[in-house]
Amino acid sequence: MKYLFLRLLPKNLVSRLVGLLSDIRFPRPFLRTVIYLYCRFYDVRLEEMKLSLEEMENFNAFFVRELKPGSRPIDQNPKSVISPVDGTISEFGNIENGLLVQTKGVLYSLADLVGKKDAVLYDKGYFVTIYLCPADYHRIHTPIAGKVNRFSYFSGNLWPVNNLGVQNVGGLFALNERIITPIEGVKGTVALIKVGATVVGRIKVNFNDLSSNSGKKTQLQLPVIPAKQYKKGDEIGRFELGSTVILLFEKDRFTPEDLYNGKKIQLGQVIGYL
């Protein structure tokens with residue numbers, strides 16, 4: 001029944017409306033109450049926030065909140081790959097026969113996810129999928145140091161990326177809206193894929209003015225001019241309401257470190273080595 005409801009729901013339109021609603025400047029007493037109830041329900045750690053609830057102008061400002069300096073130490077080993085977000089490991093493993101694991105018994109196509117040209121780069125490589133729940137910090141950071149010369153935007157659906165969507169919608173991550181950012185490091189290229197979901201108002205990146213969920217059907221391959229250099233752990237984008245990040249690694253370039261499905265991780269934590 002829930003799946004049928006989601007199938008009939010105009011998910012992209014609802015998500016745009018939620019995004020607009022989250023930008024409204026409600027009276028501060030009302031806004032504080034809404035945010036406080038949200039924090040209680042989802043167990044958000046208010047003590048980590050850089051700004052207080054009283055300083056929030058709207059719900060979106062709370063959702064993309066910054067953390068206090070030092071809240072997420074970044075591992076400094078030059079060979080390490082860190083988690084780019086707070087979240088939960090949902091799947092990981094080798095990319096075999098051009099396919100990734102969505103969930104147990106469900107596979108999807110690498111070429112559908114990133115396009116045929118980029119699929120060649122990551123074929124027989126490795127992937128890590130990280131799910132961000134409503135309580136998580138929703139800014140996105142770089143998993144390695146490197147340069148961004150280009151990115152891709154794929155418009156699409158906005159199916160939920162929780163268990164209901166992942167277990168019922170085949171090829172979910174290749175159907176949903178997504179922004180793909182290849183980060184070119186000294187030991188190879190790592191793709192940072194930001195996947196949209198139901199009620200995700202927007203996905204934004206800090207190297208381009210593009211915002212997802214605009215209502216236009218399009219696929220864009222865009223240069224970043226001038227190219228932008230990032231240190232490991234630098235902020236690179238944000239989810240305005242939460243979703244999923246997928247990391248792709250080239251063949252024989254990544255060794256995972258203590259990964260398992262359901263593992264809760266934080267930004268800056270080591271997930272493997274190049």
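Residues numbered from 1 in each chain as written. Predicted model: local features only at pLDDT ≥ 70, side-chain atom pairs only at ≥ 80, totals over all residues. Heavy atoms only, no water.

A.B. asks: Just checking my understanding: could you explain the nonpolar core for this structure?
C.D. replies: Nonpolar side chains in soluble globular proteins tend to be buried together. Counting residues in each nonpolar core, the largest one holds 31 residues, and the members touching the most others are Val128, Phe207, Ile236, Leu247 and Phe249. Of all elements in the fold, only strand S5 (126-131), strand S7 (146-154), strand S8 (178-185), strand S9 (188-195), strand S10 (202-205), strand S11 (219-230), strand S12 (235-240) and strand S13 (244-249) reach the threshold of two or more residues within this core. Excluding its chain neighbours within four sequence positions, the residues that come into contact with Val128 are Ile89, Glu91, Phe92, Val245, Ile246, Leu247, Phe249, Phe254 and Leu259. If you look at the next biggest cluster of nonpolar residues, it comprises 21 residues, including Leu100, Tyr108, Leu113 and Ile180. (Core = buried A, V, L, I, M, F, W, Y, C linked by side-chain atoms within 4.5 Å. Buried < 20%, exposed > 50% of the residue type's maximum accessible area, 1.4 Å probe, protein only. Helix = DSSP H or I, 4+ residues; strand = E, 2+ residues; numbered from the N terminus. Contact = heavy atoms within 4.5 Å.)

A.B. asks: Where do I start with the sheet that holds strand S14 (residues 255-256) in this structure?
C.D. replies: Note on sheets: strands pair through backbone hydrogen bonds, and any given pair is parallel or antiparallel. The strand order across the open sheet formed by three strands is S1-S16-S14, and the pairing between neighbours is antiparallel. In the strand order of this sheet, the two ends are held by strand S1 (80-82) and S14, each with one partner. Relative to strand S16 (residues 270-273), S14 runs antiparallel, the two sharing two bridges. If you follow Thr255 over to S16, its bridge partner there is Tyr273. (Pairing = 2+ DSSP bridges.)

A.B. asks: Just to check I follow, could you spell out the pattern of salt bridges for this structure?
C.D. replies: Pairing is possible between side chains of opposite charge, provided their charged atoms come close. Summed over all chains, the structure comprises 11 salt bridges. Across the pair Glu48 and Arg45 runs a salt bridge whose closest N-O atoms are separated by 3.4 Å. For Glu48, a relative accessible area of 12% gives the class buried. Across the pair Arg139 and Glu235 runs a salt bridge whose closest N-O atoms are separated by 3.1 Å. Here Arg139 is found in strand S6 (residues 139-141), whereas its partner Glu235 is found in strand S12, with 96 residues between them in sequence. (Salt bridge = Lys/Arg side-chain N within 4 Å of Asp/Glu carboxyl O.)

A.B. asks: I would appreciate a short explanation of the pairing of strand S2 (residues 87-94) in the present structure.
C.D. replies: Consecutive residues of a regular strand have side chains that alternate between opposite faces of the sheet. By the bridge criterion, two bridges tie S2 to strand S15 (residues 264-265) in an arrangement that is antiparallel. By the bridge assignment, Thr88 is partnered in S15 with Lys264. The sheet contact formed by S2 and S5 spans six bridges and is antiparallel. If you follow Glu91 over to S5, its bridge partner there is Thr129.

A.B. asks: How do you make sense of helix H3 (residues 28-42) when you look at a structure like this?
C.D. replies: Given 3.6 residues to a turn, an α-helix orients residues that are three or four positions apart in the same direction. In this model, H3 (15 residues) spans 21 Å end to end at C-alpha, consistent with the 21 Å of a helix rising 1.5 Å per residue. For H3, the full list of buried residues reads Leu31, Ile35, Tyr38 and Cys39. All buried residues of H3 lie within an arc of 100° about the axis, which places them on one face of the element. In this structure, H3 carries Pro29, Leu37, Arg40 and Phe41 as exposed residues pointing more than 90 degrees from its buried face. (Expected span 1.5 Å × (residues − 1). Arc of directions from axis to C-beta.)

A.B. asks: How do you make sense of the sheet that holds S12 when you look at a structure like this?
C.D. replies: The strand order across the open sheet formed by three strands is S6-S12-S10, and the pairing between neighbours is antiparallel. Looking at the sheet topology across the chains shown, the edges are occupied by S6 and S10. The mean inter-strand angle of the sheet, taken between neighbouring strand axes irrespective of direction, is 20°. Across three bridges, the pairing between S6 and S12 is antiparallel. The partner of Ile140 across the bridge, within S12, is Gly237. (Axes fitted to C-alpha atoms, helices over the stretch in contact; angles between N-to-C directions.)

A.B. asks: I keep staring at the side chain of Lys194 and nothing clicks. Help me out?
C.D. replies: If you trace the backbone, Lys194 turns up in strand S9. Despite its burial, Lys194 pairs with no opposite charge; the closest candidate is Asp118, at 11 Å N-O. Engagement of the side chain of Lys194 in a polar contact is seen with the side chain of Thr181, the distance being 2.9 Å. Those residues in contact with Lys194 that lie beyond four places of it in its chain are Ile140, Glu177, Arg178, Ile179, Thr181, Ile203, Val205, Phe239 and Thr244. (Lys, Arg positive; Asp, Glu negative; His and termini not counted. Polar contact = N/O pair within 3.5 Å; in protein donor to acceptor, adjacent residues only side chain to side chain.)

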